[in-house]
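A structural walkthrough
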Amino acid sequence: LVEALRAPGRQAAEAQEHPLRDLLLEAAEQWNGLLEVRLEVPDEVEELLVDAPAMAESAVEAARECLVNSVRHGRARNAQLRFSCEWIDGVRRLVLEVVDDGRVNPVAAALSGFGGTSLRTAGATREIIPLDGGTRVRIVWAAKAVSIPA
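Residues numbered from 1 in each chain as written. Predicted model: local features only at pLDDT ≥ 70, side-chain atom pairs only at ≥ 80, totals over all residues. Heavy atoms only, no water.

**A look at the overall build of the protein chain**
- Helix and strand counts for the protein chain come out as 5 helices and 6 strands.
- Along its sequence from the N terminus, the protein chain presents helices and strands in the succession β-α-β-α-α-β-β-α-α-β-β.
- Looking at the protein chain as a whole, 39% of its 150 residues are labelled buried.
- Pairs at least 24 residues apart make up 66% of the contacts formed inside the protein chain by residues separated by at least 6 positions.
- Counting every atom, the protein chain has about 8,600 Å² of accessible surface; 52% of that belongs to carbon and sulfur. (Helix = DSSP H or I, 4+ residues; strand = E, 2+ residues; numbered from the N terminus. Buried < 20%, exposed > 50% of the residue type's maximum accessible area, 1.4 Å probe, protein only. Contact = heavy atoms within 4.5 Å. Areas by Shrake-Rupley, 256 points an atom, 1.4 Å probe, with all protein chains shown as cover.)

Written out as structure tokens, the structure reads:
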């Protein structure tokens, strides 16, 4: 079961206007029956990525990789993918946080692997954090180097 968390009052027909959400829903549906996925993609993330197709592609690939790792390595049954835009050190950044109920292998987490290499190439950083009863992955991309609004 995939649940898209959309803004209150959003009509189903509007979902077609959100290609990032649609791609992520397709990726999550591939794991239907193995992994229950909750997805949160605020409109501001979609708006940010309209002019950043390479970042959007990297974000979708990172989300897919996280879902694969949640199932294959962590044996998770539930995962939440949450995208947001944050101001960090005066730069607007795209953030993906994935929290699952799987286990983390500290040795595997420390290895770069394909996912880590492709993220570095896209200018992103990745942090893998073991939780009590799960794992949290935080990926951050630099979006726009502009001043924080007053």
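**Observations regarding the packing of helix 1 (residues 19–29) against helix 2 (residues 43–50)**
- Two numbers describe how helix 1 lies on helix 2: the axes approach to 9 Å, and their chain directions differ by 105°. Overall, the two elements helix 1 and helix 2 adopt an arrangement that is roughly perpendicular. Residues Pro19, Leu20 and Arg21 of helix 1 form the contact with helix 2, whose participating residues are Asp43, Val45, Glu46 and Leu49.
- For the contact of helix 1 with helix 2, the residue count by class is 4 nonpolar, no polar and 3 charged. (Axes fitted to C-alpha atoms, helices over the stretch in contact; angles between N-to-C directions. Parallel < 35°, antiparallel > 145°, perpendicular 65-115°, else oblique. Nonpolar A, V, L, I, M, F, W, Y, C, P; charged D, E, K, R; others polar.)

**Examining the nonpolar core**
- One finds Phe83, Leu94, Leu96 and Trp141 to be the most contacted residues of the largest nonpolar core, which totals 35 residues.
- Every element with two or more residues in this core is listed here: helix 1, strand 2 (36–40), helix 2, helix 3 (53–72), strand 3 (78–88), strand 4 (91–100) and strand 6 (134–144).
- By residue number, the principal contributor to this core is helix 3, which donates 10 residues. (Core = buried A, V, L, I, M, F, W, Y, C linked by side-chain atoms within 4.5 Å.)

**Describing helix 3**
- Taking 1.5 Å per residue, 20 residues should reach 28 Å; helix 3 reaches 28 Å between its end C-alpha atoms and fits that length.
- Among all positions of helix 3, only Met55, Ala56, Ser58, Ala59, Val60, Ala62, Ala63, Cys66, Leu67, Val68, Ser70 and Val71 are buried. (Expected span 1.5 Å × (residues − 1).)

**Digging into the side chain of arginine 93**
- Summarising the element assignment, arginine 93 is placed in strand 4.
- Buried charged residue arginine 93 carries no salt bridge. Nearest counter-charge: aspartate 89, at 4.9 Å.
- At 3.4 Å, the side chain of arginine 93 and the backbone oxygen of isoleucine 88 are in polar contact. (Lys, Arg positive; Asp, Glu negative; His and termini not counted. Salt bridge = Lys/Arg side-chain N within 4 Å of Asp/Glu carboxyl O. Polar contact = N/O pair within 3.5 Å; in protein donor to acceptor, adjacent residues only side chain to side chain.)

**Topic: the confidence of the model for the protein chain**
- Residues of the protein chain with pLDDT of at least 70 account for 71%, and the chain-wide mean is 77.
- Taken as a whole, residues 1–16 scores under 50 in pLDDT and shows 25 contacts with residues more than four places along the chain or in a different chain.
- The low-confidence segment residues 145–150 (pLDDT under 50) makes 9 contacts with residues lying over four places distant or belonging to another chain. (pLDDT = per-residue confidence, 0-100.)

**A short note on the pattern of salt bridges**
- Summed over all chains, the structure comprises 7 salt bridges.
- Its salt-bridge partner being arginine 21, residue aspartate 43 comes within 3.0 Å of it at the nearest N-O pair. Taken as a pair, aspartate 43 in helix 2 and arginine 21 in helix 1 lie far apart in primary sequence, 22 residues in all.
- Residue arginine 21 is classed as buried on the basis of its relative accessible area, which comes to 2%.
- Note that arginine 136 is salt-bridged to glutamate 97, the shortest N-O span being 2.7 Å. With arginine 136 in strand 6 and glutamate 97 in strand 4, this pair connects stretches of sequence that are 39 residues apart.
- Taking relative accessible area as the criterion, arginine 136 reaches 22% and is therefore assigned partly exposed.
- Looking at glutamate 97, the relative accessible area reads 12%, which means it is buried.

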